[in-house]
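Given next are the chains, with one letter for each unit.
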Amino acid sequence: MSPEGSFNELVHEPIRLRICGLLRAVDELDFAVLRDTLGISDAALSKHLKVLATAGFVTSKKIASEARADARRLTWLRLTDVGRGVFDDHIRALRKIAAGADASA
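Residues numbered from 1 in each chain as written. Predicted model: local features only at pLDDT ≥ 70, side-chain atom pairs only at ≥ 80, totals over all residues. Heavy atoms only, no water.

A. Spotlight on the overall build of the chain. The secondary structure content of the chain amounts to five helices and three strands. Counting from the amino terminus, helix and strand elements in the chain follow one another as α-α-β-α-α-β-β-α. Burial status across the chain gives 35% buried among its 105 residues. Excluding contacts between residues fewer than 6 apart, the proportion of contacts in the chain whose partners are at least 24 apart in sequence is 59%. When the accessible surface of the chain is totalled, it reaches about 6300 Å², and 55% of it is carbon and sulfur. (Helix = DSSP H or I, 4+ residues; strand = E, 2+ residues; numbered from the N terminus. Buried < 20%, exposed > 50% of the residue type's maximum accessible area, 1.4 Å probe, protein only. Contact = heavy atoms within 4.5 Å. Areas by Shrake-Rupley, 256 points an atom, 1.4 Å probe, with all protein chains shown as cover.)

Written as structure tokens, this is what we have:
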């Protein structure tokens, strides 16, 4: 982590930035809640989550839903410690840019 922040192209993509922002605010979030909050399809969310997971920024776990009689499982998502650090660094870099400073300096 850098006190000035570090711009991250992978996180900066608008949907991924929103995913990280939503996950940063909680310990974990249900896939369906994240999908509905973002207003995107399952496929689109899965694609972005795969990019973030491959980078080591997001993890997921599937658990059985106690509220359902069928075997449907819920997918819970969370930012990893690395993901939190990268997101926080990225936000610091954006704040520096917004303040008129060069984030690459």
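Anyway, onward from the coordinates.
B. Geometry of the sheet that holds strand 2 (residues 58-64). Pairing is antiparallel in the open sheet, where three strands are placed in the order 1-3-2. The outermost strands of the open sheet, each flanked by one partner alone, are strand 1 (29-30) and strand 2. Alignment of strand 1 against strand 3 (residues 73-79), held across two bridges, turns out to be antiparallel. By the bridge assignment, leucine 29 is partnered in strand 3 with leucine 77. (Pairing = 2+ DSSP bridges.)

C. Region of interest: the side chain of arginine 16. Mapped onto the secondary structure, arginine 16 falls in helix 2 (residues 14-24). One buried charge, arginine 16, has no salt-bridge partner; the nearest side chain with opposite charge is glutamate 13, at 4.4 Å. A polar contact of 2.8 Å, which involves the side chain of arginine 16, links it to the backbone oxygen of leucine 10. Excluding anything up to four places from it in sequence, arginine 16 contacts Leu10, Val11, His48, Val51 and Leu52. (Lys, Arg positive; Asp, Glu negative; His and termini not counted. Salt bridge = Lys/Arg side-chain N within 4 Å of Asp/Glu carboxyl O. Polar contact = N/O pair within 3.5 Å; in protein donor to acceptor, adjacent residues only side chain to side chain.)

D. Fine view of the environment of phenylalanine 7. In this fold, phenylalanine 7 is placed in the segment before helix 1 (9-12). For phenylalanine 7, a relative accessible area of 31% translates into the label partly exposed. Here the alpha-carbon distance between phenylalanine 7 and isoleucine 91, two residues 84 residues apart in the chain, equals 7.9 Å. Once you skip the residues sitting within four places of it in the chain, phenylalanine 7 turns out to touch His12, His90, Ala93, Leu94 and Ile97.

E. Inspection of helix 2 at higher detail. The complete set of buried residues in helix 2 reads Ile15, Arg16, Ile19, Cys20 and Leu23. Down the axis, helix 2 shows its buried residues gathered within 135° of arc, on one side only. The N-cap of helix 2, judged by a side-chain oxygen 2.9 Å from the amide nitrogen of isoleucine 15 a few residues on, is glutamate 13. (Arc of directions from axis to C-beta.)

F. Representation of the nonpolar core in the model. In this structure, Ile19, Leu34, Leu45, Leu49 and Val58 are the most contacted members of the largest nonpolar core, which totals 19 residues. Listing elements by their share of this core, those giving two or more residues are helix 2, helix 3 (31-38), helix 4 (42-54), strand 3 and helix 5 (81-98). Per element, the largest residue contribution to this core is four residues, and it comes from helix 2. For leucine 34, the residues in contact, after removing those within four places along its chain, are Ile19, Leu22, Leu29, Leu45, Leu49 and Leu77. (Core = buried A, V, L, I, M, F, W, Y, C linked by side-chain atoms within 4.5 Å.)

G. Region of the structure containing the pairing of strand 3. As paired elements, strand 2 and strand 3 share seven bridges and run antiparallel to each other. Note on strand 3: the bridge partner recorded for serine 60 is leucine 77.

By themselves these figures say nothing about function.
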